[in-house]
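Survey of secondary and tertiary structure
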Amino acid sequence: MLKLRHVSYAFGSHWVLKNVSFEVEPGEFVFLFGPSGAGKTTLLRVLHGSLSLQRGGAHVAGFDLSRLTKRMVPKLRRAVSVVFQEFKVLPHKTVRENVALPMLVRGIPRAQMERRTNAICRVLRLENRMNLPCRGLSGGEQQRVAIARAVVTNPYLLLSDEPTGNLDDELSTRLLEIFKQFNQFGTTIFLATHNRRLLEQVPQAKVLHLEDGYCE
Amino acid sequence: MLKLRHVSYAFGSHWVLKNVSFEVEPGEFVFLFGPSGAGKTTLLRVLHGSLSLQRGGAHVAGFDLSRLTKRMVPKLRRAVSVVFQEFKVLPHKTVRENVALPMLVRGIPRAQMERRTNAICRVLRLENRMNLPCRGLSGGEQQRVAIARAVVTNPYLLLSDEPTGNLDDELSTRLLEIFKQFNQFGTTIFLATHNRRLLEQVPQAKVLHLEDGYCE
Amino acid sequence: MDTVNRLVFLLGKGLRDLGINKWEQGITLVALTLLLFLGLLFILAMFNVRQQVLSRQGQLSFEIYWDSSASLKKVRKQWDAISKKDYVVSLTQYTPQEALDSLSEGLGEVDLQWLKGNNPLPPTAVVTVELPKSSPRESVRGLIGDIESMPGVDRASLSSKRLRRASTWTRLSGRIFYPFLAGIIFLVSLIMANTFKLTLYTKQEEVEVLRLVGAGRWFIQMPIFVGAIVQALISGALALVLLKAAQNSLNQLLNVPPLWLELHFLPAQHITIFFGVLLGVALLSSWVAIREA
Amino acid sequence: MDTVNRLVFLLGKGLRDLGINKWEQGITLVALTLLLFLGLLFILAMFNVRQQVLSRQGQLSFEIYWDSSASLKKVRKQWDAISKKDYVVSLTQYTPQEALDSLSEGLGEVDLQWLKGNNPLPPTAVVTVELPKSSPRESVRGLIGDIESMPGVDRASLSSKRLRRASTWTRLSGRIFYPFLAGIIFLVSLIMANTFKLTLYTKQEEVEVLRLVGAGRWFIQMPIFVGAIVQALISGALALVLLKAAQNSLNQLLNVPPLWLELHFLPAQHITIFFGVLLGVALLSSWVAIREA
Ligand SMILES: Nc1ncnc2c1ncn2[C@@H]1O[C@H](COP(=O)(O)OP(=O)(O)OP(=O)(O)O)[C@@H](O)[C@H]1O
Ligand SMILES: Nc1ncnc2c1ncn2[C@@H]1O[C@H](COP(=O)(O)OP(=O)(O)OP(=O)(O)O)[C@@H](O)[C@H]1O
Ligand SMILES: [Mg+2]
Ligand SMILES: [Mg+2]
């Protein structure tokens, strides 16, 4: 599902990722654990095609990143979902519209779109915020919208960047349960975090340590 | 320093704060603890003059919020600093410029501005990011810029909204130490969080529980 | 959804999206309308100036005087011959009697009829020639030489200065209009593109998020194109309506004595070109704006 | 920092801020320059049309014919008297001899001198009057009545149709220019305000953050004002330079025979007003934009 060989990435002359290599099998649950500034977000952006590969080789969900053309990027992004650290929800659209967006892009029939949106919002306790514009949501609510949007398409691979930063303990636990469920149904979970307690809650997960750009 | 009497706040017909009353003495360290969506951010926005008082009475750092005119708001904001949940740093300005901004607004001499900016950035481990534009920072780094910007002016009252959401354990602990130090030098700290472990690290702090808009 | 459905959906989205940022869209619409109106007014003015120039200039009139003693019969034949020559557009002839009448009229109806029996005036004619584009001077000189060599003709009066002026204008006229028109269209296009670009800044965030959730090129660009086209068409139509109103009211003001300036509306062909250019600019500028977003 | 220092700082910040969003600022500058140029060209055209109209219209000429038998001495006295009357701007008199000369010339230098001893022409005069704004018709009618009642005067020829046309134009002329000018200024202002507003969208984020860290009104608005003013002034100046260039090249094209249309540049007074309006619009539109930000 994920296969990195000697991936390095620099902003200017500042090397953020240094010779990162690892492999993730389909169906695994992986934590990318590292302190602030370790390069977690940068790594996820490379995997998602937002940053193009500078050195090394990487395969993501069947796509060879070193040969990724501009026209392929949308296809990669329909196979791989992301929860962004800054949420990236559209503030003027409602929760319903934000969550339905990836299905709209994929051209999924309206009825199915409705059904899935409602279901995932119920699970994430957003059911009575559905018709509010996202700018009128609390930080945690926006984060949950971002998560709903990422998982609603049942992706092969879910990249998730610090998805519990704005969630209280109860919601964090609940979220991990949701991720575990998706994982059981076959979605590969790749979850970047600096929160040690999350690791403890998924004992079966594999943990990659990223520190100062080096990965073990 | 803070005195609220029966404060209620509604967005439309949705009451987010319900009859909130409490008092904070100068020099206290207070946690506003509550789950996601409890109304923490809303309360801080009221205290900061971003949302105008709808019901009840509130005094903040000597300002009577029920009589706050538009012209008084900048003065209130120079006495009360805030760390926002979404950071609100300027992405195109450097770390140095972002941190210096409140001093620029207050007309503090350039030399002093430099000195203080450097000092606070060293404490928050941003010293080798000083001249980078903020859009090139990791989530945790941006959060620290927001914190630096809030404390650099030595405010009477520091409102802080979930300041550790993007920080790893080490940085969180370090941040609390910094807050404690400022607190010892006289700054009143009012810290909204859903993270129970933060409470444990400041045993002497007063804890206000906010849940579903009710405060005890 | 199949392809057609998606296309319809995207077209619809383009229209619906116009309703979202009502304020920005409204601003853009007003700005475009006024701008296009200004540009069209310019083109209208230039078009009419050119019409006037074309109908008045590029042609040249000169008078021919016969000897007072010339036989009127011969002269009439010569008139016929002259009016059939190359370049000659029209010929107005005056027998001595007609000349006297017209003189008498010109003097404010002073009665000169007592001169009738002893008419001092010779036969005259006013010839109007169309200046040819190539070597206008030489052709007209040749014509005049021909005429002057006719028996009985006293002289054909055309100063070489007058001839030089007229031929200069003929050459210039063709060179001014189209470059000027192109200049105006270019200016308007530039301002229009800028306006579009600035408006699209407000859409940047949405475009970014759409990219991130895997939207393809068409999904992102179609609605923006549709929006730009709709705006361009609406504001173009409004501008034309304004132009028609302006033309009417200007005609009411100008097409009165003693000016008698009649403004003609732009011909259908120009309007077609106008809409074509408009659409082109709209597409191009929105395309440039999305590329960079 | 004391107040003066802060003021200087804010002015400087306004200038430095222009360098930040170079792309947007560049776009705005180009758009404004072109727009102002377009507007100025319009005003220039209208100004020149009005100059032409004023120098030609609003005045009325008519001819006076004396009896052929009138004594030339008396007539000369009457010429003096007429030229001193109200509204009369100029008087061109023709003795019978002068009339004959001018007639002879007008006919293409046909020799009419043999008529000298038996001149059939009466003394004539062409009077040019300035039409008064109020009741032009009545005044001119009165004047003509006066003149016709002079002894020896045959008639003063002014058809009431010609009088009606001229007075209509006089009334209209004053009513067209200023409203039209105001219209153009309004249009340009609107587009300019829109352009500014759209540009300021790119500053919204900064304004919001400045508000949040306690910046007062002046701290936020001064730099934006300075930026808007600088942009307005630069683009205004550029537009004037373009206008001058356009005027020169148009003059080269139009101020040739046989058109002899000379375009005058706008007078200093108009340019002052132009910059005044420009600054006003710049301030106003940026103020509106920040208020809502
Ligand atoms: N666009 C950029 N330009 C320059 N430097 C950048 C850019 N993006 C990230 N960096 C630098 O790369 C380093 C790693 O950033 P990254 O966002 O990957 O960290 P992270 O592990 O996600 O941290 P956090 O937990 O704080 O979000 C940081 O030091 C940051 O300053
Ligand atoms: N502008 C708004 N319009 C409508 N509803 C709003 C608006 N802002 C907040 N709310 C609602 O008010 C409630 C409280 O929001 P608030 O941001 O204060 O929560 P919070 O305690 O900060 O939560 P979190 O820890 O998730 O940030 C939420 O349910 C939210 O939907
Ligand atoms: Mg990160
Ligand atoms: Mg909050």
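Criteria and cut-off values
- Residues numbered from 1 in each chain as written.
- Chains lettered and ligands numbered in written order.
- Predicted model: local features only at pLDDT ≥ 70, side-chain atom pairs only at ≥ 80, totals over all residues.
- Heavy atoms only, no water.
- Near = heavy atom within 4 Å.
- Polar contact = N/O pair within 3.5 Å; in protein donor to acceptor, adjacent residues only side chain to side chain.
- Areas by Shrake-Rupley, 256 points an atom, 1.4 Å probe, with all protein chains shown as cover.
- Least-squares fit on C-alpha atoms with pLDDT ≥ 70 in both.
- Donors = N, O, S within 2.8 Å, 3.2 Å for Na, K, Ca; no water.
- Helix = DSSP H or I, 4+ residues; strand = E, 2+ residues; numbered from the N terminus.
- Buried < 20%, exposed > 50% of the residue type's maximum accessible area, 1.4 Å probe, protein only.
- pLDDT = per-residue confidence, 0-100.
- Pairing = 2+ DSSP bridges.
- Contact = heavy atoms within 4.5 Å.
- Axes fitted to C-alpha atoms, helices over the stretch in contact; angles between N-to-C directions.
- Expected span 1.5 Å × (residues − 1).
- Arc of directions from axis to C-beta.
- Buried area = accessible area lost by both parts, 1.4 Å probe.
- Salt bridge = Lys/Arg side-chain N within 4 Å of Asp/Glu carboxyl O.
- Parallel < 35°, antiparallel > 145°, perpendicular 65-115°, else oblique.
- Left-handed = near helix turned anticlockwise from the far one by under 90°.
- Phe/Tyr/Trp six-rings, centres within 6.5 Å; stacked < 30°, edge-to-face > 60°.
- Lys NZ or Arg CZ within 6 Å of the ring centre and 35° of its normal.
- Patch = residues over 30% accessible without salt bridge, like charges linked within 9 Å, V, L, I, M, F, W, Y side chains within 5 Å.
- Lys, Arg positive; Asp, Glu negative; His and termini not counted.
- Charge placed at Lys NZ, Arg CZ, Asp CG, Glu CD.

1. Describing the site of ligand 1
Near ligand 1 lie 19 residues; those nearest to it are T41(A), T42(A), R129(B), S138(B) and G140(B). At ligand 1, the nearby residues belong to more than one chain, namely chains A and B. With respect to ligand 1, the backbone of G39(A) contributes an N or O atom lying 2.9 Å from an oxygen atom. Between ligand 1 and E141(B), the relevant distance is 2.9 Å, taken from an oxygen atom to a side-chain nitrogen or oxygen of the residue. For ligand 1, whose free accessible area comes to 640 Å², the fraction covered by protein is 90%.

2. Overview of the relation of the copies chain A and chain B
Least-squares fitting of chain A to chain B yields an RMSD of 0.0 Å, with the superposition described by an axial translation of 0.0 Å and a rotation of 180 degrees. The symmetry that links the two subunits is that of a two-fold axis. Rotation axis and chain A: the residue whose C-alpha lies nearest the axis is G165(A), separated from it by 2.1 Å.

3. Some points on the coordination of the magnesium ion (ligand 4)
Think of it this way: four donors in a tetrahedron around the metal ideally sit 109.5 degrees apart, and six in an octahedron ideally sit 90 or 180 degrees apart. Residue and element names in this part refer to chain B. In this structure, T41 (OG1) and Q85 (OE1) serve as the protein donors to the magnesium ion (ligand 4), at separations of 1.9 to 2.2 Å. With T41 in helix α1 (residues 40-47) and Q85 in the loop between β6 (80-83) and α3 (95-106), this residue pair connects regions lying 44 residues apart in the sequence. The exposure class of T41 is partly exposed, given its relative accessible area of 23%. You can call Q85 buried: its relative accessible area is 13%.

4. Here's the deal with the confidence of the model for chain C
Per-residue confidence for chain C gives a mean pLDDT of 75, with 73% of residues at or over 70. Here the prediction assigns the complex a pTM of 0.73, and the interface score ipTM is 0.75.

5. A few points about the site of ligand 2
Close contacts around ligand 2 come from 19 residues, with R129(A), S138(A), G140(A), T41(B) and T42(B) the closest. Positioned at a junction of chains, ligand 2 has nearby residues supplied by chains A and B. Residue G39(B) places a main-chain N or O atom 2.9 Å away from an oxygen atom belonging to ligand 2. One of the backbone nitrogen or oxygen atoms of K40(B) is found 2.7 Å away from an oxygen atom of ligand 2.

6. Digging into the sheet that holds strand β3 (residues 29-33) of chain B
Residues and elements named next belong to chain B. Ordered in space as β6-β7-β8-β3-β9-β10, the 6 strands form an open sheet in which the pairing is mixed. Bordering the open sheet on either side are β6 and β10 (214-215), each of which pairs with just one other strand. Relative to strand β8 (residues 188-193), β3 runs parallel, the two sharing 5 bridges. For F33, the partnering residue across the bridge sits in β8 and is T193. Taken strand by strand, α1 contacts β3, β7 (157-161), β8 and β9 (206-211), and its axis lies near 150 degrees from that of β8. On the sheet, helix α6 (residues 169-184) packs against β3, β7 and β8 and is oriented at approximately 150 degrees with respect to β8.

7. Here we look at helix α5 (residues 136-148) of chain D
All names here are of chain D. For α5, which comprises 13 residues, the first-to-last C-alpha distance of 18 Å matches the rise-based estimate of 18 Å (1.5 Å per residue) to within 8%. Those residues of α5 that sit buried are P136, S139, V140, L143, I144 and I147. For α5, the angular spread of the buried residues around the axis is 130 degrees, confining them to a single face.

8. Some remarks on the interface of chain A and chain B
Often, the extent of an interface is quoted as the loss of accessible area on bringing the components together. Each partner contributes residues to the interface: chain A has 21 residues there, and chain B has 21 residues. Carbon and sulfur atoms supply 37% of the area that chain A and chain B bury against each other, a total of about 1700 Å² over both sides. In terms of surface lost to chain B, no three residues of chain A exceed S36(A), H194(A) and R197(A), which account for 30% of the buried area on that side. At the surface where chain A touches chain B, the tally comes to 2 salt bridges.

9. Description of the packing of helix α3 (residues 95-106) of chain A against helix α5 (residues 139-151) of chain A
Angle between the axes and distance between the axes are the two parameters that describe a pair of packed helices. Residue and element names in this part refer to chain A. One can describe the packing of α3 onto α5 by two numbers: an axis separation of 7 Å at closest approach and a directional angle of 30 degrees. Classified by the angle their axes make, α3 and α5 are roughly parallel. For the pair α3 and α5, the crossing hand works out as right-handed. For the pair α3 and α5, the contacting residues are V95, N98, V99 and P102 in the first and V145, A148 and R149 in the second.

10. Notes on the confidence of the model for chain A
Considering every residue of chain A, the mean pLDDT works out to 91; 100% of them sit at 70 or more. Within chain A, strand β3 (residues 29-33) of chain A carries the highest mean pLDDT (95), whereas strand β10 (residues 214-215) of chain A carries the lowest (87).

11. As for the pairing of strand β4 (residues 55-60) of chain B
Looking along a regular strand, one sees side chains alternate from face to face of the sheet. All names here are of chain B. Relative to β4, strand β1 (residues 2-11) is paired through 5 bridges, and the arrangement is antiparallel. In the sheet register, L4 faces β4, and the bridge partner there is A58. Here β4 runs beside strand β5 (residues 63-64); their pairing, made up of 2 bridges, is antiparallel. Across the sheet, residue V60 finds its bridge partner in β5, namely F63. Connecting β4 to the next strand, β5, in antiparallel fashion are 2 residues, including A61 with a positive phi near 50 degrees.

12. Quick look at the packing of aromatic side chains
Overall, the coordinates contain 10 aromatic pairs over all chains when judged by the stated rule. Aromatic side chains Y9(B) and F11(B) sit 5.3 Å apart centroid to centroid with 70 degrees between the ring planes, which places their arrangement in the edge-to-face category. Classification of F11(B) as partly exposed rests on a relative accessible area of 39%. For the cation-ring pair, K244(D) lies above F265(D), with the distance from its terminal atom to the ring centre recorded as 4.7 Å.

13. Concerning the environment of F265(D)
Residues and elements named next belong to chain D. Looking at the element boundaries, F265 is found in the loop between α8 (217-254) and α9 (268-292). Given a relative accessible area of 22%, F265 falls into the partly exposed group. In the structure, F265 is positioned 186 residues away from W79 in sequence and 39 Å away in space, judged by C-alpha atoms. Apart from residues no more than four positions distant in its own chain, F265 is found in contact with L44, F47, L240, L243, K244, Q247 and I271.

14. Thoughts on a positive patch on the surface
Positive charge collects at one region of the surface, where K70(A), R71(A), K75(A), R78(A), R211(C), R217(C) and R291(C) lie side by side. Along the polypeptide, R71(A) turns up in the loop between β5 (63-64) and α2 (73-79). Overall, R71(A) belongs to the exposed group, its relative accessible area being 67%.

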